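An overview of the molecular structure
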Amino acid sequence: MRHAIGLARLCPKSTTAFAVGAVIVGADGVELADGFSRETDPKVHAEEAALNKLGDEPSTRDALAHATIYSTLEPCSQRGSADRVPCTDRILAAGIRRVVIAWREPATFVTNCVGVEKLREHGIEVIELADMADEAMSMNRHLDLN
Ligand SMILES: [Zn+2]
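Note on numbering: residues in each chain are counted from 1, in written sequence order. Only residues with pLDDT of at least 70 get local features here, since the model is predicted, and only at 80 or more are side-chain atom pairs given and counted; chain-wide, interface and lining totals rely on the full set of residues. Side-chain calculation: all heavy atoms of the structure are included, whereas hydrogens and water are not.

What follows is about the coordination of the zinc ion. Four donors placed tetrahedrally about a metal ideally form angles of 109.5 degrees, and six donors placed octahedrally ideally form angles of 90 or 180 degrees. Donor atoms: N, O and S within 2.8 Å of the metal, or within 3.2 Å for Na, K and Ca. Because water is excluded, sites can look incomplete. The coordination sphere of the zinc ion contains the protein donors His-45 (ND1), Cys-76 (SG) and Cys-87 (SG), at a distance range of 1.9 to 2.3 Å. Site description for the zinc ion: donor spacing in sequence, H-x30-C-x10-C. Residue Cys-76 is found in the loop between β3 (68-73) and α4 (87-94), and its partner Cys-87 is found in helix α4; the two are separated by 11 residues along the sequence. Of the two residues examined, Cys-76 and Cys-87, each falls in the buried class. Numbering goes from the N terminus for both helices and strands, where a helix is a DSSP run of H or I of at least four residues and a strand is a run of E of at least two. Only protein chains enter the accessibility calculation, which uses a 1.4 Å probe. A residue is then buried if its area is under 20% of the maximum for its type, exposed if over 50%, and partly exposed in between.

Rendered as C-alpha cells:
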C-alpha cells in the first residue's frame, strides 16, 4: 500500500477525478504490475493502468488468480466515460481474488460507488486499511471529499 500511495502522488492533477495508485502483487510477493490515475491517457484509472500492462497468457491468468491488487481507493463500479469498463469489472474479469484498499470512494463524482459490495458479492476478499486512509487521500484534498 505504501507503494500505491507513492504512485498516487505521481498522478497528473485533476479537478474532475481522484488521484489513485494501484499495485498488483503475486502470491510470492513479487509485483506483477502497477499503475496510477491518468498514467497513460487522461481517463485511465489506476487499476486499469496496472491491468493493461499485463497480457492474457495462461501464465499471467494463473498468477492473477493468486494475486492481490492494492488500490489506494475503492475500485469504481461505474464510470463517467461510457466507453470504459469499471475497475470492479476489470478486476473480476482478471480473476483477482483479493483486493486491499485504503479508503472508500466518496460521493464526489459518483453518487453511490458499490465497488466493495460488488466485489464481495462475487466472493472476492476485500480488506480495508482504514488506518492508511488519511495518507491515501492526502493528494486529493483539493477535491470535495464529503
Ligand atoms: Zn476505476
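And the narrative resumes.
Working definition: the strands of a sheet are paired by backbone hydrogen bonds and lie parallel or antiparallel to each other. Strands are treated as partners if at least two bridges between them are detected by DSSP. An order of β2-β1-β3-β4-β5 is seen for the 5 strands of this open sheet, with the pairing classed as mixed. The sheet terminates laterally at β2 (31-36) and β5 (125-128), the two strands that pair on one side only. On average, each strand axis in the sheet is tilted by 15° relative to the strand beside it, whichever way the strands run. Fitted lines through C-alpha atoms serve as axes, helices being fitted only where they are in contact, and the angles separating the N-to-C directions of these axes extend from 0 to 180 degrees.

This next bit is on the pairing of strand β4 (residues 98-103). When you tally the buried positions in β4, you get 5 out of 6 residues, the bulk of the element. Relative to β5, β4 runs parallel, the two being bridged by 4 bridges. The residue of β5 that forms the bridge with Arg-98 is Glu-125. Crossover handedness for the path β4 to helix α5 (residues 115-121) to β5: right-handed. The handedness of a crossover follows from its direction of travel: if, with the strands pointing away from the viewer, the path from the first strand over the helix to the second runs clockwise, the crossover is right-handed.

Here, nonpolar core refers to any group of buried Ala, Val, Leu, Ile, Met, Phe, Trp, Tyr and Cys residues whose side-chain atoms link them within 4.5 Å. Counting residues in each nonpolar core, the largest one holds 24 residues, and the members touching the most others are Met-1, Ile-5, Phe-18, Ala-102 and Trp-103. Sorting the residues of this core by element identifies α1 (2-8), β1 (21-25), β4 and α6 (133-137) as the ones contributing at least two each. Here this core takes 4 residues from α1, the largest share from any one element. Throughout, a contact is declared for two residues whenever any of their heavy atoms are within 4.5 Å. Not counting residues within four places of it along the chain, the set of residues in contact with Met-1 comprises Tyr-70, Ser-71, Thr-72, Val-100, Ile-101, Ala-102, Leu-129 and Met-132. If you look at the next biggest cluster of nonpolar residues, it comprises 17 residues, including Ile-24, Ala-50, Leu-51 and Ile-96.

A word on the packing of aromatic side chains. Two aromatic rings from Phe, Tyr or Trp, using only the six-membered ring of Trp, form a pair when their centres are within 6.5 Å; if the ring planes differ by under 30 degrees the pair is stacked, by over 60 it is edge-to-face, and anything between is tilted. Considering all chains together, one arrives at 2 aromatic pairs under this definition. Ring geometry for Phe-18 against Phe-109: centres 4.9 Å apart, planes inclined by 65°, an arrangement best described as edge-to-face. With Phe-18 in the loop between α1 and β1 and Phe-109 in the loop between β4 and α5, this pair connects stretches of sequence that are 91 residues apart. Grouping aromatic residues by their ring pairs yields a cluster made of Phe-18, Trp-103 and Phe-109.

So, on to the pattern of salt bridges. One side-chain nitrogen of Lys or Arg within 4 Å of one carboxyl oxygen of Asp or Glu is enough to make a salt bridge. As enumerated under the stated definition, the model contains 13 salt bridges in all. Where Glu-117 meets Arg-104, a salt bridge forms, and the shortest distance between an N and an O atom there is 3.2 Å. With a gap of 13 residues between them, Glu-117 in helix α5 and Arg-104 in the loop between β4 and α5 connect regions that are remote in the sequence. Residue Glu-117 is classed as partly exposed on the basis of its relative accessible area, which comes to 36%. With relative accessibility at 32%, the residue Arg-104 sits in the partly exposed group. Measuring nitrogen to oxygen at the nearest pair gives 3.9 Å for the salt bridge that ties Arg-120 to Glu-128. Relative accessible area serves as the criterion here: at 39%, Arg-120 is assigned to the partly exposed category.

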